[in-house]
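Fold and geometry: a report
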Amino acid sequence: KGGPGRVTYGNDWFEQTRQGASRGTVRQQLEEYRRANWEANGGLERKDLYTENWDGDRYKGSPYNILNLLIVLFLGVPVLGILFAYYTYGKLWG
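Being a predicted model, the structure only gives us computed values, none of them experimental.

What follows covers helix H2 (residues 26-41). Note that an α-helix has 3.6 residues per turn; residues three or four places apart therefore point the same way. For H2, which comprises 16 residues, the first-to-last C-alpha distance of 22 Å matches the rise-based estimate of 22 Å (1.5 Å per residue) to within 8%. Looking one or two places after H2, you find Gly 42, whose phi comes out positive at around 70°.

Our focus in this paragraph is the pattern of salt bridges. Across all of its chains, the model carries one salt bridge by this definition. Across the pair Arg 35 and Glu 39 runs a salt bridge whose closest N-O atoms are separated by 3.3 Å. With Arg 35 and Glu 39 both in helix H2 and four residues apart, the pair spans about one turn of that helix. The exposure class assigned to Arg 35 is partly exposed, which follows from its relative accessible area of 46%.

With that out of the way, let us pick up helix H3 (residues 66-88). Here H3 spans 32 Å end to end across 23 residues, near enough to the 33 Å set by a 1.5 Å rise per residue. The N-cap residue of H3 is Asn 65: its side-chain oxygen and the backbone nitrogen of Leu 67 are 3.0 Å apart.

A surface patch of nonpolar side chains, about 900 Å² in accessible area, is lined by Ile 66, Leu 67, Leu 69, Leu 70, Ile 71, Leu 73, Phe 74, Leu 75 and Val 77. Within the secondary structure layout, Ile 66 lies in helix H3.

On inspection of all chains with the given rule, the structure shows three aromatic pairs. An angle of 80° between the planes, with centres 5.1 Å apart, marks the rings of Tyr 86 and Tyr 87 as edge-to-face. Here Tyr 87 falls in the exposed class, since its relative accessible area comes to 56%. For the pair Tyr 89 and Trp 93, a centre-to-centre distance of 4.9 Å together with 75° between the ring planes defines the contact as edge-to-face.

Of note, Asn 37 is situated in helix H2. Those residues in contact with Asn 37 that lie beyond four places of it in its chain are Gly 42, Gly 43, Leu 44 and Glu 45.

About the criteria used
- Residues numbered from 1 in each chain as written.
- Predicted model: local features only at pLDDT ≥ 70, side-chain atom pairs only at ≥ 80, totals over all residues.
- Heavy atoms only, no water.
- Helix = DSSP H or I, 4+ residues; strand = E, 2+ residues; numbered from the N terminus.
- Expected span 1.5 Å × (residues − 1).
- Salt bridge = Lys/Arg side-chain N within 4 Å of Asp/Glu carboxyl O.
- Buried < 20%, exposed > 50% of the residue type's maximum accessible area, 1.4 Å probe, protein only.
- Polar contact = N/O pair within 3.5 Å; in protein donor to acceptor, adjacent residues only side chain to side chain.
- Patch = residues over 30% accessible without salt bridge, like charges linked within 9 Å, V, L, I, M, F, W, Y side chains within 5 Å.
- Areas by Shrake-Rupley, 256 points an atom, 1.4 Å probe, with all protein chains shown as cover.
- Phe/Tyr/Trp six-rings, centres within 6.5 Å; stacked < 30°, edge-to-face > 60°.
- Contact = heavy atoms within 4.5 Å.

This is the structure we're talking about:
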């Protein structure tokens, strides 16, 4: 790839650079992008945006996520502490 020719730095260097960098209209650039993307990815926009866990806008993956983990930690740790204190009262402390 590359521009139509080599840019020589004379009085019209800016215009030559601009013409060399020109890749056509926005429509042509988008068509080129879509064609190259279709060849590379089979039409998918970005491979990292697609996963087996989603069916459109509905999540069908695992029911466990970071929210579940936080709930277990914030509720489970105090409950375990209270149970430990209750069953060890008089034996280990108090």
